Every structure is written in structure tokens, then in C-alpha cells.
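So you can see what is in the structure, the chains are spelled out below.
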Amino acid sequence: MRPESQRSNIQTFHVMDVWKAATERQRTHGDVLTLAAGQPSTPAPQPVLRATREVLDGHLLGYTETFGILPLREAIAGYHAGKSGIDVDAEDVVVTTGSSGAFTLLFLAAFDVGDTVVVARPGYPAYRNTLAALGCNVIEIDCGADTRFQPTVAMLDALPEPPAGLIVASPANPTGTVIDPGELAALARWCDAHGTLLISDEIYHGIGYGDQAMTSSWETSRESVVVGSVSKYFSMTGWRLGWMLVPEGLRRPLQRLASNMTVCPPAISQYAAIAAFTEESRAELDGHVQRYAVNRELLLTGLPELGITDLAPADGAFYVYADIGHLLGGSHGATSTEWCSRLLQDTGLALAPGIDFDTVHGDKTVRLSFAGSTAEVRESLVRLGRWL
């Protein structure tokens, strides 16, 4: 048997191990509460479910255009024009098999082996791991509370040379922070001036709290790439549908790669997702955000009462990122991974250890998702408090 490839020798996504352990705990004890899952706990909007039934009865559901069916691309273009006030055409839109598929295609189309790509730390681990598997040189910029866990132009200026790419996420996973609009615009201008491809991960747009404005990189630079998805705000993770807004120069390379690697995104998801952008769907989805806001406030108030006070701002998305370094040691575990494992074993409460998101400081942080029900969040705080 041949040995595994070198490109496959990357870090696993550790939260999936938590999900596996939580599933086993549920099978044996039936008491699991999970604040580990980075996904909504609600189904797709009712208009999408109705459209799905109609599609099943009335469509062949064969292959589609590689970049997605025109009505969906038009709906996505209209969505961006409506929320950001930018002129987006259906030809700018590339529909993909989830945002994960978008990142893989984009990395292949834009970067060669040995190219340097900058990501924020803490940040979403699949950026780093996928880039590493493709032979890119990943530079992690340590982003702390002083910059709201987001990269800045000053950080880029401190690099020895301009990178081939920069990935910015706003709202970010795991911190939930939203980048300042002026800073995003400055980053976009810096990237244009230095030949760096800016990739703006905007998959959590629509899930925000307070007055923090969510802007798009395309408001400043049409040479950047915007990544979106129906997974988070639209509550359709398992439908595996994402998209990109891409500059013209990348469209042909992306088409060559996508037509060979996936042929097209899932047809049923494409036809059904058109209904996700209707006013009826948006009203239902905004109701989810109202529940997230209640759950967020419960955690931001309840965790400090339990002695967990060092929290990221949680401007958007549905996560609270917390430093638990002062709680480590003794019977609770020496690292956040051990701490989370013991918490699950003792109480049935599942949290995500920070090691996925921060390769340096993640052994003392955890991520809590508040995408579930308010009752689950309340009970989770009770269990955590008793355990501590």
C-alpha cells in the first residue's frame, strides 16, 4: 500500500472530533447540549422548502452551467446590490459547492506552490490547512483585542514583502468581530497597490448586533474576491451552496478548474436557493438573528458571572470566543482541548477548543456557539457553572 501524500499531512479540523464525541455521548447518555456546532439549529426557510418540493416534481435535476443557473446568479447579484449598494451583475457571480468549494477553487486558480498567503490568527482553520495542502506558504498574523482580532495595514507593511494573497473574514470565526469599514477599505487599497489578492469572507453577513456596519470589499476594490454562502444567515448548511464575486481575470481559470473538479454545484440546491433571497425568507431569517441576539446577551452576561471575563466582542456571527487560561490545571485539564473533553464527559456539554483557530494561543481558549435555542443556552450556563 502506498503511503499517504505529503499534501494530506495537515492538521485535522479538531471540532469534528468534538462532534464525534458528542454524538457518542448522546448515544450512551442522551443528555448532550452542544455549543460547539458552527451552524444554525433551524431548517431552511419555508419558501426554500416549498420550492424544493416543486423542483423535485418538475425538474430533471441534471447538470447545470458550471458557474450556476442564471436565475440564482441574478438573485445573488441582487442581494449584494441591495445590502451593499454596489453594482453587481450575474456575470460577476460564481456559484460553488459551499464556500469551502469556493475557497479551494479560488486558491487553485489564484496561487501557485510556494506563494505566500496571509491569514489572521485566530481564524478559521480551513484557510490555513487548505492552503498548506496546496503547497502555499501561510503566514499567520497575530491579531489581538487591540485591533479587534482583525488585520491592519500596519501589519501588512511590517511584512518582509507583499504576499500573493490576504484573507479577511468579517464577521470572523471564531471571534465574531466585524472589521472597521475604513480599515477594510484601506486593506483593499493596499492589496490593489501591492498586487495582493484580497479575499473577503463575508459568509456571516446578515448576522450582526448593534451599530457595527458590515461592508464589502467590493465597495472599494473590484479586484478583490468576495465569498458568500447560504450556510449561515440563510440556515442552509447541508445544502452545500456558496458563491464568489470575482474579477473578470479570474473567471476563465475558475471555469476551467470547476468544470473538471465538480462539473457544477448541486442542482436541487441551486433551484431551491433562489427562494432564499425573497422577502418572505428574509423575514424568517431575521427572526433567527433576533434569537441569536438574545442568546448572545445571555452568554456575554452569564460567562463573566462564572469567572470567564476575557471575551471577544462578538459583533456578528453566532460565537463567543473566550480565554479560559486561568481555569486550566488540576482535574479540569491542562489545555483547552483537555478541558473541553472533561466538560463533555462530566456534564454532556460540548464546546469547541481554541486549538483549531489559534495555533499559538488556542490551547487556552474556547469557542461557544449560540446558534441553538435560548433554553439550551440557559441550561448550558447552568451546567458549566455547576461544573466549575
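Note that the coordinates shown come from a computational prediction; the quantities given were computed from them, not determined experimentally. Throughout, residues of each chain are indexed from 1 in the direction in which the sequence is written. Given that the model is predicted, a residue must reach a pLDDT of at least 70 before its local features are reported, and side-chain atom pairs must reach 80 or more before they are shown or counted; all residues, however, enter totals for whole chains, interfaces and linings. Hydrogens and water are ignored here; the side-chain numbers use all heavy atoms of the structure.

Trainee: If you had to explain the overall build of the protein to someone new, which residues and values would you point to?
Mentor: Within the protein, the secondary structure is distributed over 12 helices and 12 strands. Its C-alpha atoms give the protein principal-axis dimensions of roughly 55 × 55 × 55 Å. Contact criterion: two residues are considered in contact whenever any of their non-hydrogen atoms come within 4.5 Å of each other. Taking all contacts inside the protein whose residues are at least 6 apart in sequence as the whole, residues at least 24 apart take part in 73%. Here the protein displays about 16,400 Å² of accessible surface, and carbon together with sulfur accounts for 51% of that area. Charge convention: Lys and Arg are scored as positive, Asp and Glu as negative, and His as well as the terminal groups of each chain are ignored. Lysine's charge is taken at NZ, arginine's at CZ, aspartate's at CG and glutamate's at CD. Of the side chains in the protein, 28 bear a positive and 44 a negative charge, and the two mean positions are spaced by 6 Å. Helix and strand labels come from DSSP, where a helix needs a run of H or I of at least four residues and a strand needs a run of E of at least two; each type is numbered from the N terminus. Each accessible area is a Shrake-Rupley estimate made with a 1.4 Å probe; only the visible protein chains count as cover when residues are assessed.

Trainee: Quick rundown of helix α1 (residues 14-29)? Include the residues and the values.
Mentor: To estimate the expected span of a helix, count its residues, drop one, and scale the result by 1.5 Å. Taking 1.5 Å per residue as the helical rise, α1 with its 16 residues ought to reach 22 Å, and the 22 Å between its terminal C-alpha atoms agrees with that figure. Tucked into the core, α1 has its buried residues touching α11 (336-347), β10 (349-350), β11 (352-353) and β12 (365-369). Gly30 sits one or two residues past α1 and shows a positive phi near 70 degrees.

Trainee: Report on the state of the cysteines, specifying residues and quantitative values.
Mentor: Put simply, a disulfide is two cysteine sulfurs that come within 2.5 Å. If you walk through the whole model with that rule in mind, you get zero disulfides. Residue Cys191 stays outside any disulfide, its sulfur separated by 13 Å from that of Cys143, the closest cysteine.

Trainee: Hey, could you go over the domain arrangement of the protein for me, with residue numbers and the actual values?
Mentor: How big an interface is tends to be expressed through the accessible area that disappears when the partners come together. Either an automatic procedure or a domain database provided the assignment from which the domain bounds are taken. Domains assigned within the protein are domain 1 (4-41 + 279-385) and domain 2 (50-276). Taking only C-alpha atoms, the centre of domain 1 and the centre of domain 2 are 24 Å apart. Of the roughly 3,000 Å² buried at the junction of domain 1 and domain 2 (both faces included), carbon and sulfur atoms supply 57%. Salt bridge, as used here, is a side-chain nitrogen of Lys or Arg placed within 4 Å of a carboxyl oxygen of Asp or Glu. If you look at where domain 1 meets domain 2, you find three salt bridges. Among the ionic pairs, Glu280 bridges to Arg50, the shortest N-O distance being 2.9 Å. Two N or O atoms form a polar contact when they lie within 3.5 Å of each other; inside protein one atom must be a possible hydrogen donor and the other a possible acceptor, and for residues adjacent in sequence the pair counts only when both atoms belong to side chains. In this structure, the connection of domain 1 to domain 2 is made through 20 residue pairs in polar contact (both at pLDDT 80 or more). Elements represented by at least two residues in the side of domain 1 that touches domain 2 include exactly α10 (279-305) and β9 (319-323). With 10 residues, the top contributor of residues to the side of domain 1 that touches domain 2 is α10. The class makeup of the residues in the side of domain 1 that touches domain 2 is 17 nonpolar, nine polar and nine charged. Note on terms: buried area is the combined drop in 1.4 Å-probe accessible area of two parts once they are placed together, counting the loss on both. All residues other than Ala, Val, Leu, Ile, Met, Phe, Trp, Tyr, Cys, Pro, Asp, Glu, Lys and Arg, Gly among them, are scored as polar; the first ten of these are nonpolar and the last four charged.

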